Each structure stands twice: as structure tokens, then as C-alpha cells.
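Here are the chains, one letter per residue:
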Amino acid sequence: MKLLVISDTHHYMDNARDVLLRIGAQMDAVVHLGDHDTDAAELQKEFPTLPFHVVKGNNDYGMQTPNNQILRIAGRAILLTHGHKQNVYFSYDSIAYWAEEKGADAVLFGHTHHPVYDNEGRVMLLNPGSLSLPRGGTAPTFAILDISENGRMEAAIMEYDKKKAFCRMKPHRY
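All values reported here derive from a predicted model rather than from experimental measurement.

1. What about the layout of surface pockets?
In this structure, the largest pocket occupies an estimated 220 Å³ of space. Elements that contribute at least two residues to the lining of the largest pocket include exactly strand 9 (141–147) and strand 10 (153–159). For the lining of the largest pocket, the element with the most residues is strand 10, which contributes 4 residues.

What follows is the structure, given as C-alpha cells:
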């Protein structure tokens, strides 16, 4: 199963639309990790054949979107959250421990607008960065998480460039 993972669109959705137009047909589902969950609702209307899994971010108000959820795919538990409640600006330790306590094999989060992919610990950490408002001098980014039928998980952070095809970034360790 291939998941397109995005976060922190903040009502600037042109890049997300473009990514979905380019590769949406190759994805099995879309994960939106908050800020703004209404963006995910709008994108879901525009791309109705794709299932969307959405969690609430720190700038999301009013919708009945959950703060976190667990997807079960090929025997794996994938925990979705925005990350602000786990203080991801300061360290990834708390989100990793929290995910482990929840029995997750991977935790997908946003909030920092900075991409992270670390599969060296007991829990895979994946932050797609932001397609709309990247920070830290990075290009706009998103992630693809591929989970095989036997449960093997592999992710890639992808840089978005409107004029070129996407390029894969090297994993960012913390």
C-alpha cells in the first residue's frame, strides 16, 4: 500500500493539488497530518476516489477531526498525529516513546514544517515537511510511505518542484 503523506498546507493548496494530479492515481490513500484539516476535506472532494486519513493540527478548530489515529496495514500499526502535543520542536524522543507506548510501528507527524525520516529506532519516524510553507531552507516536501503485503515499510521524502519531476531526498536523521 502506498500512502501519500502531507502536512501543514495552511490553506495554500496549489502544490498539494499538483502533487495529487501528478501521482494521486499511483497512491492507495492520502494522509494529511493537520494544519489545516479543512484543506484535506476540500482535497478529498476534488479527488473522491482516494481515501483520506486526517488528523487535527494545532491550527485546526471546529471540525470533528481526531487528534490522532492508528491505521492498521499489513500487520503494522501506523500512528498519525500532528506532533504539537508531543513537543516535536524540542526533541523527537517524546513522540518516539509515545508511539512505542501506543504499540505503533511508525509515527507520522508534522508541525515543524521540516522533513524527517528515521527508520533506525524501534519506531519509524516520518515527517513529510510542508508542501506550502517549508522551514529551515528546505524546498516544499511531501512523503511517500510504502508498506508491502509482508509488512515491510519504506519511506521517501520527496522535494516538490513545479517545473521538474520530483526528486527523492536523502533520509534526514535526528
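Here the narrative resumes.
2. Focus on the packing of aromatic side chains
Summed over the entire model, instances satisfying the criterion amount to 3 aromatic pairs. A ring pair is formed by F142 and F166, whose centres lie 5.0 Å apart and whose planes are at 80°; its orientation type is edge-to-face. On the criterion of sequence distance, the pair formed by F142 in strand 9 and F166 in the loop between strand 10 and strand 11 (167–168) is long-range, its members being 24 residues apart. With respect to class, F142 is no different from F166; both count as buried. Each ring, one from Y160 and one from F166, has its centre 6.1 Å from the other, and the planes form 35°; the classification is tilted. Residue Y160 is classed as buried on the basis of its relative accessible area of 7%. The class of F166 is buried, set by a relative accessible area of 19%. One aromatic cluster is present, built from ring pairs that chain together F142, Y160 and F166.

3. Describing the sheet that holds strand 2 (residues 29–32)
In spatial order, the strands read 3-2-1-9-10-11; together these 6 strands make up an open sheet with mixed pairing. Strands with a single pairing partner mark the edges of an open sheet, and in this sheet they are strand 3 (52–54) and strand 11. Relative to strand 9, strand 1 (residues 2–6) runs antiparallel, the two being bridged by 4 bridges. Within strand 9, the position partnered with L3 by the bridge is L145. Taken strand by strand, helix 1 (residues 14–23) contacts strand 1, strand 2, strand 3 and strand 9, and its axis lies near 165° from that of strand 1.

About the criteria used
- Residues numbered from 1 in each chain as written.
- Predicted model: local features only at pLDDT ≥ 70, side-chain atom pairs only at ≥ 80, totals over all residues.
- Heavy atoms only, no water.
- 1 Å grid on protein atoms, 1.4 Å probe; cavity = no way out; pocket = protein on both sides within 12 Å on 5 of 7 lines; lining within 4 Å.
- Points joined across faces, edges and corners; volume = space filled by probe spheres on them.
- Helix = DSSP H or I, 4+ residues; strand = E, 2+ residues; numbered from the N terminus.
- Phe/Tyr/Trp six-rings, centres within 6.5 Å; stacked < 30°, edge-to-face > 60°.
- Buried < 20%, exposed > 50% of the residue type's maximum accessible area, 1.4 Å probe, protein only.
- Pairing = 2+ DSSP bridges.
- Contact = heavy atoms within 4.5 Å.
- Axes fitted to C-alpha atoms, helices over the stretch in contact; angles between N-to-C directions.

Nothing here speaks to function; it is geometry throughout.
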